[in-house]
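# Descriptive structure summary
Chain residues, written in single-letter form:
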Amino acid sequence: MKPRRHEGSAAAPCHNRTGHLVIEGMTNAEQTSVLITGGNKGLGFEAARRLGEQGWTIFLGSRDEGRGRAAADKLADGGANVVMVPLDVTSDESVSEAVRLVRKHTDRLDVLINNAGAPGKAVAPAEATVDDIHSVYDTNVYGPIRVTHAFLPLLQAADNPRVVMVSSAVGTFAVVTDPEQPASKMHELAYSSSKAALNMITVRYAQALPKIKFNLVTPGEVANRTFAATDMNHHTGQLTVTEGTDPIVKLAMIDADGPSGIFLDRLGPIAW
């Protein structure tokens, strides 16, 4: 069954005078579809909720099927058109099954949000082993490659396909080499290097596939040295999960003239 078509207006966020993202109208001729990995909680769930409110069809990826169904039910109760997709980004078989499931509902995918991530154990560089690094890379680097590669045919079938990679400011050299940034004192190898790798991978995708917009976000405010409160950081962030999804929603909703190969936080572009 194809997703229901929806005539009306969607939205494209921009910045107001305070620097915060706001929504301005953008006309969509038909309903938009999005797959969100790690969509059962945190940033993924909030992005799904916000995009569902715009009338989009939400393919909610979740490694834990029970939690995914509970999240999908909650979104549906709020009026969203949602399909729960069992999806473990570290498994070729799971990703292939996800493609088959999505294809049962649509012949194209407008937006892919690679949100699923693993924090690792913050092992100090002197103690870090290849196993410590590999377990984080399997989700944060190989996962987005695995999912993007598998869904490329569906993305290429869309009129204005977009891919949003959820990265982190700790994956930028500008942040980790700035002594004023807390991340400069976070001495670990796995998470920060995995996000740096994801940043490069995304830029290379953007260069090689100009018909698809590939962009990166960090759910925080680099200039203010703040980040969103999620399970990954034990809810120690200063921003709400809604604020953290501002740049995700912004880049998910760019139109055909929008940018590709950029890195945003909720206040605007950030340095690499």
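Keep in mind it's a predicted model, so treat the numbers as computed, not measured.

## What to know about the packing of aromatic side chains
- Scanning the model with the defined rule gives 3 aromatic pairs in all.
- With centroids separated by 5.3 Å and ring planes inclined at 45°, the aromatic side chains of F263 and W272 adopt a geometry described as tilted.

## A closer look at the packing of helix α1 (residues 42-52) against helix α2 (residues 65-77)
- At a closest axis distance of 10 Å, the pairing of α1 and α2 adopts a crossing angle of 25°. As summarised for this structure, α1 and α2 are arranged roughly parallel, according to the angle between their axes. For the element pair α1 and α2, the recorded crossing hand is right-handed. Where α1 approaches α2, its residues F45, A48 and R49 are matched on the opposing element by A71, K74 and L75.

## Observations regarding the pattern of salt bridges
- A full pass over the atoms with the stated rule returns 10 salt bridges.
- Note that R69 is salt-bridged to E65, the shortest N-O span being 2.9 Å. Residue R69 and its partner E65 are located together in helix α2, separated by 4 residues, close to a single helical turn.
- Residue R146 pairs with D92 through a salt bridge whose shortest N-O separation is 2.6 Å. Here R146, found in helix α5 (residues 142-156), pairs with D92, found in helix α3 (residues 92-103); they are 54 residues apart in sequence, far enough to count as distant.
- If you follow the salt bridges from partner to partner, you end up with R50, E221, D246 and R266 in one network.

## Remarks on the nonpolar core
- Formed by 34 residues in total, the largest nonpolar core has its most connected members in L35, L109 and F151.
- Counting residues per element, the ones that place at least two in this core are β5 (81-86), α3, α5, β7 (162-166), α7 (190-208) and β8 (213-217).
- Ignoring any residue separated from it by four or fewer positions in sequence, one finds L109 in contact with S33, V34, L35, F59, F151, L154, L155 and A158.
- The next biggest cluster of nonpolar side chains, apart from the first, holds 28 residues, and it includes L43, L60, V164 and L264.

Definitions and limits used
- Residues numbered from 1 in each chain as written.
- Predicted model: local features only at pLDDT ≥ 70, side-chain atom pairs only at ≥ 80, totals over all residues.
- Heavy atoms only, no water.
- Phe/Tyr/Trp six-rings, centres within 6.5 Å; stacked < 30°, edge-to-face > 60°.
- Axes fitted to C-alpha atoms, helices over the stretch in contact; angles between N-to-C directions.
- Helix = DSSP H or I, 4+ residues; strand = E, 2+ residues; numbered from the N terminus.
- Parallel < 35°, antiparallel > 145°, perpendicular 65-115°, else oblique.
- Left-handed = near helix turned anticlockwise from the far one by under 90°.
- Contact = heavy atoms within 4.5 Å.
- Salt bridge = Lys/Arg side-chain N within 4 Å of Asp/Glu carboxyl O.
- Core = buried A, V, L, I, M, F, W, Y, C linked by side-chain atoms within 4.5 Å.
- Buried < 20%, exposed > 50% of the residue type's maximum accessible area, 1.4 Å probe, protein only.

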